[in-house]
There are 2 protein chains.
Amino acid sequence: MARGGIARLLATLLFFLLLATPLADGASEAETGLAQGASEAAAPDAGADTQQQHLLPRPLVIELPSSRAEDEDEPGADAVPPDVRCASWRLAAEANNLAPWRAVPPECAPHVRDYVTGVAYRSDLDLVARESAAYARAAAPLGADGRDAWVFDVDETLLSNLPYYAEHGYGAELFDHHKFDEWVERGEAAAIPSSLKLYNEVRELGFKTFLLTGRSEGHRGVTVDNLNKQGFHDWEKLVLRAAGDRKKTATVYKSEKRKEMEQEGYRILGNSGDQWSDLLGSSMGARSFKLPNPMYYIP
Amino acid sequence: MARGGIARLLATLLFFLLLATPLADGASEAETGLAQGASEAAAPDAGADTQQQHLLPRPLVIELPSSRAEDEDEPGADAVPPDVRCASWRLAAEANNLAPWRAVPPECAPHVRDYVTGVAYRSDLDLVARESAAYARAAAPLGADGRDAWVFDVDETLLSNLPYYAEHGYGAELFDHHKFDEWVERGEAAAIPSSLKLYNEVRELGFKTFLLTGRSEGHRGVTVDNLNKQGFHDWEKLVLRAAGDRKKTATVYKSEKRKEMEQEGYRILGNSGDQWSDLLGSSMGARSFKLPNPMYYIP
């Protein structure tokens, strides 16, 4: 009991220490987005998009960094086995060290396939879910006003589209918006088991759950059915991309929606997503959990 | 040329879009720090520290999450091979998914040893350095006022203390402040080759380099000598922890120092560190690079 009191005191002190230096964060975040967008030429697809819009619907999806890195005369780089190099690529993606990328590097396609179909991906998902649950339990007891919230992304966070990506090179092919929409409309995405368990646990702890997805409003019906069929129920709100959100990056769109939650009085204590654009930006909440996903990148 | 123009236009648009939603970032960052400190009881070491202060000098270093996670009745968790589980632990650490931890989980000591002494760690370091250099080159040409800056942490970022950790379980032992100080005072830490190359490259591009370390001011002389001997020269400033910074978390201390740089007119375009506390907080700069380090955690 005394421990908890000291912990809370230290945490409160830390909170105010940090609060004392908040200025320029917003700009820094903005610059982060800018830098990532600007670090590689964003334009190559701008022209192509007008003709093949469904092939690269995501804005500012850019040159592949690792193919560029390979071009360099890195002494000894060839001495590193491909699987190790691809593990480095995957780690860099998970730690948000890569510039925006639009497909898995060809040399890493087998590595990513083996990873997402093997035990490692499941183990990684399980561990993040367990950490999330431990944090959620430590956050209890929640406020009596019922305004403590947990935000979940949907694709590759609650639901898995692995059968779709299995038919499209596990991220080695360019993303095809039309074909993915057809898959979404089948409503057959399976629950990620560790995420379903976490979802139910945070609900039982009293969190309000918000589902914040890049799927479009037109897919509301099929998304609700798919989620329900897979065991996800009783969310506070399912937020989908409206027509007006379509040209925004996911980072901007999701930040705006989280800000609206806060303006409605919700306190975002936890945020789970497989993309850094689910987690960064503004109104980031108290703590984020990055689920693994080496198959695609959404800015 | 036209490509570059469109890229710049898109980047500028994105910049202002992001700028339009900057509020509450500071608070969110503050809350992030708070939540990580508070998610596990911060106090258990507070009492012990008064007696064994040199064993856990870092403030708010807390219960080990993975040993807690293991206690749970996770169905099938035992079916996952230890090396896969430890790779999950390491990935979660790199993606900042873990609550503060104070030592490598015992079951993962062999995994971490093999990782940091093998080709994977070097490969991971190399890839992050290459991504950093590509970003630095894309940021050129720099401002004519000579105020574009790159911040580097020192330990496990520019210099490697691997010989010290080899004698202390590669992070499996509790950190011993006294013994580590003795190692520092020998001045024998080796340059991380990919970091030395990056350091020289950003300097040649015109960046001013700032070295921002948790080492104490009393170690200035030996640190300068060690850095010079290893090929690091001509930094703008080497910032060490003054007596007044000693009780601050690294996140707070480093945020304050970065803010001072900004107040002196520097624009922090890049920030390299092996700890999330090198990179998070306020005045975070335009882009961060997280170097791998599964051996210790500094809040």
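The rules behind the values
Residues numbered from 1 in each chain as written. Chains lettered and ligands numbered in written order. Predicted model: local features only at pLDDT ≥ 70, side-chain atom pairs only at ≥ 80, totals over all residues. Heavy atoms only, no water. Pairing = 2+ DSSP bridges. Helix = DSSP H or I, 4+ residues; strand = E, 2+ residues; numbered from the N terminus. Axes fitted to C-alpha atoms, helices over the stretch in contact; angles between N-to-C directions. Contact = heavy atoms within 4.5 Å. Salt bridge = Lys/Arg side-chain N within 4 Å of Asp/Glu carboxyl O. Buried < 20%, exposed > 50% of the residue type's maximum accessible area, 1.4 Å probe, protein only. Lys, Arg positive; Asp, Glu negative; His and termini not counted. Expected span 1.5 Å × (residues − 1).

Some thoughts on the sheet that holds strand S5 (residues 237-241) of chain B
Residue and element names in this part refer to chain B. Strand order in the open sheet made by the five strands is S5-S4-S1-S6-S7, with parallel pairing throughout. Across the chains shown, the open sheet's two edge strands, defined by having one partner strand only, are S5 and strand S7 (287-290). Taken over all neighbouring pairs, the strand axes of this sheet differ in orientation by 20° on average, direction set aside. Pairing analysis gives four bridges linking strand S6 (residues 267-273) to S7, with the strands arranged parallel. The partner of serine 272 across the bridge, within S7, is phenylalanine 289. Sheet strands touched by helix H11 (residues 220-229): strand S4 (208-216) and S5. Its angle to S5, the strand with the most contacts, is close to 140°.

Regarding the sheet that holds strand S5 (residues 237-241) of chain A
Residue and element names in this part refer to chain A. Strand order in the open sheet formed by five strands is S5-S4-S1-S6-S7, with parallel pairing between adjacent strands. Edge positions in the sheet fall to S5 and strand S7 (287-290), since each has one partner strand and no second. On average, adjacent strands in this sheet sit at an angle of 20° to one another, irrespective of strand direction. Of the pairings in the sheet, the one linking strand S4 (residues 208-216) to S5 comprises four bridges and is parallel in character. Each residue of the ladder has a partner; that of phenylalanine 210, found in S5, is lysine 237. Across the sheet, helix H7 (residues 119-139) touches strand S1 (148-152), strand S6 (267-273) and S7, and the angle it forms with S7 is around 165°.

Description of the pattern of salt bridges
Residue and element names in this part refer to chain A. By the definition in use, this model includes 30 salt bridges over all chains. Residue arginine 186 pairs with glutamate 188 through a salt bridge whose shortest N-O separation is 3.1 Å. Assessed through its relative accessible area of 52%, arginine 186 is described here as exposed. Linked by salt bridges that have partners in common, Asp145, Asp148 and Arg267 make up one network.

Digging into the side chain of Asp274(B)
Here Asp274(B) shows up in the loop between S6 and helix H13 (276-279). Lacking a salt bridge, the buried Asp274(B) has Lys290(B) as its closest oppositely charged neighbour, with an N-O distance of 6.0 Å.

What about unusual backbone geometry?
Residues and elements named next belong to chain A. The step from alanine 140 to proline 141 runs through a cis peptide bond, and the omega angle for that step is 0°. Of note in this structure, aspartate 234 is not a glycine but carries a positive phi near 60°. With respect to the helices, strands and loops of the structure, aspartate 234 is situated in the loop between helix H11 (220-229) and S5.

A closer look at helix H5 (residues 82-94) of chain B
All names here are of chain B. Under the 1.5 Å per step criterion, the end-to-end length of H5 is 18 Å for 13 residues, consistent within 8% with the ideal 18 Å. A large share of H5 lies buried, amounting to ten of its 13 residues. Taken together, the buried positions of H5 are occupied by Val84, Arg85, Cys86, Ser88, Trp89, Arg90, Leu91, Ala92, Ala93 and Glu94. Two residues or fewer past H5, asparagine 96 is found with a positive phi of approximately 60°.

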